[in-house]
Amino acid sequence: MAPRLQLEKAAWRWAETVRPEEVSQEHIETAYRIWLEPCIRGVCRRNCKGNPNCLVGIGEHIWLGEIDENSFHNIDDPNCERRKKNSFVGLTNLGATCYVNTFLQVWFLNLELRQALYLCPSTCNDYMRGDSIQEEKDAQEFSKLFMSLLEDTLSKQKNPDVRNIVQQQFCGEYAYVTVCNQCGRESKLLSKFYELELNIQGHKQLTDCISEFLKEEKLEGDNRYFCENCQSKQNATRKIRLLSLPCTLNLQLMRFVFDRQTGHKKKLNTYIGFSEILDMEPYVEHKGGSYVYELSAVLIHRGVSAYSGHYIAHVKDPQSGEWYKFNDEDIEKMEGKKLQLGIEEDLAEPSKSQTRKPKCGKGTHCSRNAYMLVYRLQTQERPTTIVQVPAFLQELVDRDNSKFEEWCVEMAEMRKQSVDKGKAKHEEVKELYQRLPAGAEPYEFVSLEWLQKWLDESTPTKPIDNHACLCSHDKLHPDKISIMKRISEYAADIFYSRYGGGPRLTVKALCKECVVERCRILRLKNQLNEDYKTVNNLLKATVKGNDGFWVGKSSLRSWRQLALEQLDEQDGDVDQSDGKMNGNTLSKDESKEERKEEEEELNFNEDILCPHGELCISENERRLVSKEAWSKLQQYFPKAPEFPSYRECCSQCKILEREGEENEALHKMIANEQKTSLPNLFQDKNRPCLSNWPEDTDVLYIVSQFFVEEWRKFVRKPTRCSPVSSVGNSALLCPHGGLMFTFASMTKEDSKLIALIWPSEWQMIQKLFVVDHVIKIIRTEAGDVSPSETQYISEPKLCPECREGLLCQQQRDLREYTQATVYVHKVVDDKKVMKDSVPELNVSSSETEEDKEEAKPDGEKDPDFNQSNGGTKRQKITHQNYIAYQKQVIRRSMRHRKVRGEKALLVSANQTLKELKIQIMHAFSVAPFDQNLSIDGKILSDDCATLGTLGVIPESVILLKADEPIADYAAMDDVMQVCMPEEGFKGTGLLGH
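The rules we used
Residues numbered from 1 in each chain as written. Predicted model: local features only at pLDDT ≥ 70, side-chain atom pairs only at ≥ 80, totals over all residues. Heavy atoms only, no water. Helix = DSSP H or I, 4+ residues; strand = E, 2+ residues; numbered from the N terminus. Buried < 20%, exposed > 50% of the residue type's maximum accessible area, 1.4 Å probe, protein only. Areas by Shrake-Rupley, 256 points an atom, 1.4 Å probe, with all protein chains shown as cover. Pairing = 2+ DSSP bridges. Patch = residues over 30% accessible without salt bridge, like charges linked within 9 Å, V, L, I, M, F, W, Y side chains within 5 Å. Salt bridge = Lys/Arg side-chain N within 4 Å of Asp/Glu carboxyl O. Lys, Arg positive; Asp, Glu negative; His and termini not counted. Charge placed at Lys NZ, Arg CZ, Asp CG, Glu CD. Axes fitted to C-alpha atoms, helices over the stretch in contact; angles between N-to-C directions. Polar contact = N/O pair within 3.5 Å; in protein donor to acceptor, adjacent residues only side chain to side chain. Contact = heavy atoms within 4.5 Å. Parallel < 35°, antiparallel > 145°, perpendicular 65-115°, else oblique. Left-handed = near helix turned anticlockwise from the far one by under 90°. Nonpolar A, V, L, I, M, F, W, Y, C, P; charged D, E, K, R; others polar.

Here we come to the overall build of the chain. Broken down by element type, the chain carries 29 helices and 36 strands. Here the chain, with 993 residues, has 42% of them falling under the buried criterion. For the chain, the accessible area works out to roughly 55,600 Å², and carbon and sulfur atoms hold 48% of it.

In structure tokens form, the structure reads like this:
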């Protein structure tokens with residue numbers, strides 16, 4: 001079948017020779033493509049949207065052949081969830097809880113511990129509850145805390161087998177032994193342990209780590225030992241002696257250590273060798289009994305960073321002797337009853353300092369990811385401990401199993417219902433699809449989208465909704481025929497009876513009015529090109545006298561495009577209505593916005609309309625055209641404003657133009673007079689200073705610096721700015737009429753808010769401007785003895801209460817800012833330099849908002865001024881304005897001009913120094929632990945402190961001095977992982993005992 005555009009042209013080709021009043025029923029049916037040939041299955045590859053009779057490729061192929069029953073449902077066989085009997089069960093990762101899962105599996109396979117916990121009363125479980133752990137934390141810390149909590153909880157049990165199980169299984173004893181070199185006195189400090197923490201740095205074998213743990217330490221020099229026998233400090237030796245070992249020996253390999261250079265934890269990814277049989281007899285002081293252990297579990301941490309990665313456990317089944325790998329929900333049985341760690345080492349992330357894995361002999365293993373080894377005391381026979389599940393727990397299991405069986409039955413019934421429903425739908429589709437084509441019998445239209453959803457087995461069929469394809473006459477829109485399908489009345493009756501909906505679109509829904517209008521528009525479009533040439537030729541002729549019409553030059557340049565767009569609008573908004581059929585209906589707000597944009601677009605000849613709806617006064621924007629040309633244009637724009645050549649321009653615009661010219665001349669005269677009267681104030685020359693009071697006067701007057709700046713703007717550009725009429729000194733006073741500044745503050749921080757005026761200048765200001773309040777500083781001499789004391793008195797006097805409130809507000813603003821700009825300067829050898837870096841993140845542009853405001857035309861309205869009836873600006877005399885004025889001027893006075901080499905960062909007062917360091921790292925490629933920050937000579941070192949408490953205020957300049965970078969990519973990864981403060985096990989039961 002031909003493409004859709006070709007079908008569209010063919011459906012309306014008759015309009016070229018048929019006038020609108022001659023449109024017949026045959027033309028209407030042709031426009032709606034009633035009699036196009038239907039497509040044949042197998043010949044047509046996909047559905048032809050331009051042919052309403054094409055019913056191929058709408059989703060029918062999945063229904064016409066044999067269908068597998070499983071395609072009627074998406075329910076998996078619940079029997080797949082059944083667990084094999086006498087097999088281990090995985091644990092779900094609840095969100096960074098893989099390390100908890102590994103310990104639980106290790107402890108579960110300790111038969112004595114499992115049996116003891118089973119003997120606990122069910123109420124004991126209440127002590128073990130706690131909030132969920134929020135994020136992944138130190139697995140070694142968790143092991144210690146949990147064992148401590150478990151021991152404390154079980155100590156309350158009456159059954160000794162339960163009460164002492166933690167000590168019996170995991171508790172050993174060693175002594176810190178100190179021997180005085182002078183007298184030989186031996187001092188012992190006994191201590192229990194549940195695990196041995198072994199340093200692995202610098203070692204390759206587990207036995208070396210144990211030897212270092214027990215090695216003798218010399219106490220000399222400042223570290224000498226105070227001997228009670230000698231009653232003085234003496235050289236001595238100190239070491240640890242193992243006195244007894246537990247049944248289960250936990251060896252913590254200290255892979256996660258604190259790095260002094262970076263200030264964070266890091267992982268030691270070095271290989272450590274260990275054997276499956278560990279003889280601890282050489283390390284124990286009392287040689288009673290056997291101390292030969294066999295490996296029972298290896299806990300693994302995948303990943304190079306201490307702050308990320310994944311935990312798994314390799315555990316040996318004490319009853320069968322087989323090794324299993326526990327990885328959250330997944331459990332894998334090792335082949336040949338052998339421990340296999342090779343794949344875990346291969347999964348580790350590569351690093352530049354990666355070393356080769358050493359060769360391991362039989363019965364030995366090497367790992368750079370093992371962080372805990374669990375050894376069990378070796379026995380000649382397999383353990384005979386029979387673990388019996390307690391009745392209350394068995395009851396819970398039976399209850400869950402019963403619910404599981406009920407769920408299986410329910411799922412099976414749902415599968416059956418879905419299959420039955422699918423089979424019924426299958427028969428319905430096969431029957432109805434054969435009856436869909438209309439042929440010459442009565443027909444109706446339904447949307448292609450609805451038919452496709454009816455054939456889609458994954459979605460329920462909704463009622464038919466044809467409203468989106470209706471024209472303004474509530475009939476089928478001709479342009480919608482490409483998304484509609486013509487079906488038989490028989491099939492339509494069944495659809496509406498089963499699914500409902502409407503309105504039904506029968507043969508009566510073919511809209512003659514729309515077809516006639518479309519015919520008229522198409523004929524105009526065809527005529528447009530000829531008329532365009534005609535108008536162009538007519539425009540070449542010169543128009544004389546009063547025979548022409550005024551037309552906007554802009555309208556003449558684009559009249560053909562405007563005409564075409566207008567014809568398309570009359571032809572119907574096809575795209576928008578198509579969108580409705582696809583479920584993309586425009587929202588009310590979007591529709592209003594589109595209408596607003598359309599209203600703002602100028603129609604033909606509206607470009608020469610003045611604001612009063614009359615002919616504009618600018619002749620450069622319009623030209624005369626002949627009557628013939630205007631007649632042609634009027635066929636396409638019958639509603640365009642008409643201006644014969646004899647029409648006068650707008651009288652109101654003429655008056656305003658004349659007044660504007662007079663105002664500009666007046667403003668120039670005023671500006672020149674004021675500049676001549678106050679030359680030094682304008683040029684900022686010979687200004688008085690409070691800190692160096694001039695000798696030739698005892699009085700100085702005060703106005704706001706804001707008034708002076710606005711006045712200077714007007715004098716510089718009188719045609720673009722309105723004159724300043726009022727001094728507006730009320731902005732410097734409080735509601736009680738008191739001055740808001742002290743004499744001392746006006747010589748320092750507030751000096752940028754005020755301008756000092758000479759008495760002679762004040763006399764001129766009183767003549768040129770409206771003075772609302774007089775503010776002055778008077779110098780007086782006090783005291784009869786030499787030297788005399790000089791006093792400075794302000795009129796009006798200072799208001800202490802309001803002054804204090806202003807200072808508090810200013811301090812509060814500096815402490816509670818959000819999204820403020822600070823500047824970071826990188827220094828080398830105490831010199832500020834520029835360094836290329838990666839693209840900045842969260843870095844503002846160099847131009848601040850205030851800079852942009854200053855760049856605005858001077859004539860734009862300022863928030864502190866309003867327009868008076870006379871056309872001049874008068875300052876708002878309200879106290880509320882004072883705070884805004886203060887903030888505005890303070891911002892200007894504090895504004896920092898950014899120079900080369902600086903980077904501007906957006907920060908908030910409540911963010912921490914660590915978060916700022918992360919921003920600086922992105923901006924300068926300097927890791928946080930290499931950053932030395934200071935502000936005004938003060939070192940910023942507390943990473944947890946907020947910027948507000950550290951004294952970082954908006955527009956501050958922070959100096960950055962970088963240490964030499966550390967070539968440790970894992971450490972950099974650690975930094976990225978600790979951007980958020982650690983919570984540890986806060987909020988859990990582990991810290992509640």
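Alright, that's what it looks like, and here's the rest.
Burial within strand 15 (residues 323–327) is extensive, with five of its five residues counted as buried. What you see with strand 15 is no split at all: Trp323, Lys325 and Asn327 on one side and Tyr324 and Phe326 on the other are buried throughout. As paired elements, strand 14 (residues 310–316) and strand 15 share four bridges and run antiparallel to each other. Residue pairing for strand 15: alanine 313 is matched across the bridge by phenylalanine 326. Taken together, strand 14 and the strand that follows it, strand 15, pair antiparallel across an intervening segment of six residues, in which glycine 321 is found at a positive phi of about 75°. Examined bridge by bridge, strand 15 and strand 16 (residues 330–333) share four bridges and lie antiparallel to one another. Bridged to asparagine 327 within strand 16 is aspartate 330. Taking the residues that link successive antiparallel strands as the turn, the strand 15-strand 16 hairpin has two residues, and the phi of aspartate 328 there is positive, at about 55°.

All right, on to a negative patch on the surface then. On the surface, a cluster of negative charge is contributed by Glu657, Glu659, Glu661, Glu662 and Glu664. Position of glutamate 664 relative to the elements: it lies in helix 20 (residues 651–677).

With that settled, consider unusual backbone geometry. That bond from glycine 502 to proline 503 is cis: its omega, -5°, falls within 30 degrees of zero. Checked against the element boundaries, proline 503 lands in the loop between strand 22 (501–502) and helix 14 (512–540). Residues other than glycine seldom take positive phi values, yet alanine 96 does so here, at roughly 60°. With respect to the helices, strands and loops of the structure, alanine 96 is situated in the loop between helix 3 (61–64) and helix 4 (98–108). For alanine 96, a relative accessible area of 27% translates into the label partly exposed. Phi at serine 925 takes a positive value of approximately 60°, unusual for a residue other than glycine. Summarising the element assignment, serine 925 is placed in the loop between helix 28 (913–924) and strand 34 (931–935).

Moving on to the environment of proline 611. Within the fold, proline 611 resides in the loop between helix 18 (588–600) and strand 24 (622–625). You can call proline 611 exposed: its relative accessible area is 78%. Separated by 42 residues in the primary sequence, proline 611 and cysteine 653 place their C-alpha atoms 8.5 Å from one another.

Buried residues dominate strand 25 (residues 699–704), accounting for five of its six residues. Alignment of strand 25 against strand 26 (residues 754–757), held across four bridges, turns out to be antiparallel. Within strand 26, the residue paired with isoleucine 702 across the bridge is leucine 756.

Within this structure, the stated rule accounts for 31 salt bridges. Residues glutamate 8 and arginine 33 are paired through a salt bridge, measuring 2.5 Å at the closest nitrogen-oxygen approach. Highlighted residues: glutamate 8 in helix 1 (residues 4–11) and arginine 33 in the loop between helix 2 (25–31) and helix 3, separated in sequence by 25 residues. Overall, arginine 33 belongs to the buried group, its relative accessible area being 3%.

So, about the sheet that holds strand 2 (residues 186–193). Pairing in this open sheet of four strands is antiparallel, and the strands run 2-1-7-4 from one edge to the other. Edge positions in the sheet fall to strand 2 and strand 4 (217–219), since each of these pairs with one other strand and no more. The mean angle between the axes of side-by-side strands here comes to 25°, regardless of whether they run parallel or antiparallel.

Looking at the secondary structure, you find serine 555 in helix 15 (residues 553–557). A polar atom in the side chain of serine 555 sits 2.7 Å from the side chain of aspartate 607. The contacts of serine 555, once residues within four sequence positions are left out, are Asn603, Phe604, Asn605, Glu606 and Asp607.

If you trace the backbone, serine 482 turns up in the loop between strand 20 (464–465) and strand 21 (484–488). Non-local contacts of serine 482, meaning those with residues more than four positions away in its chain, are made with Arg4, Lys49 and Gly50.

A few words now on the packing of helix 11 (residues 391–435) against helix 13 (residues 489–499). A pair of packed helices can be characterised by two numbers: the angle between their axes and the separation between those axes. Running from amino to carboxyl end, helix 11 crosses helix 13 at an angle of 140°, the nearest separation of the two axes being 8 Å. On the basis of their axis angle, the class for helix 11 and helix 13 is oblique. Crossing hand, helix 11 versus helix 13: left-handed. Here helix 11 contributes Glu428, Glu431, Leu432 and Arg435 to the contact with helix 13, which in turn contributes Tyr490, Ala491, Ile494, Phe495, Arg498 and Tyr499. Of the residues belonging to the contact of helix 11 with helix 13, the class tally is six nonpolar, no polar and four charged.

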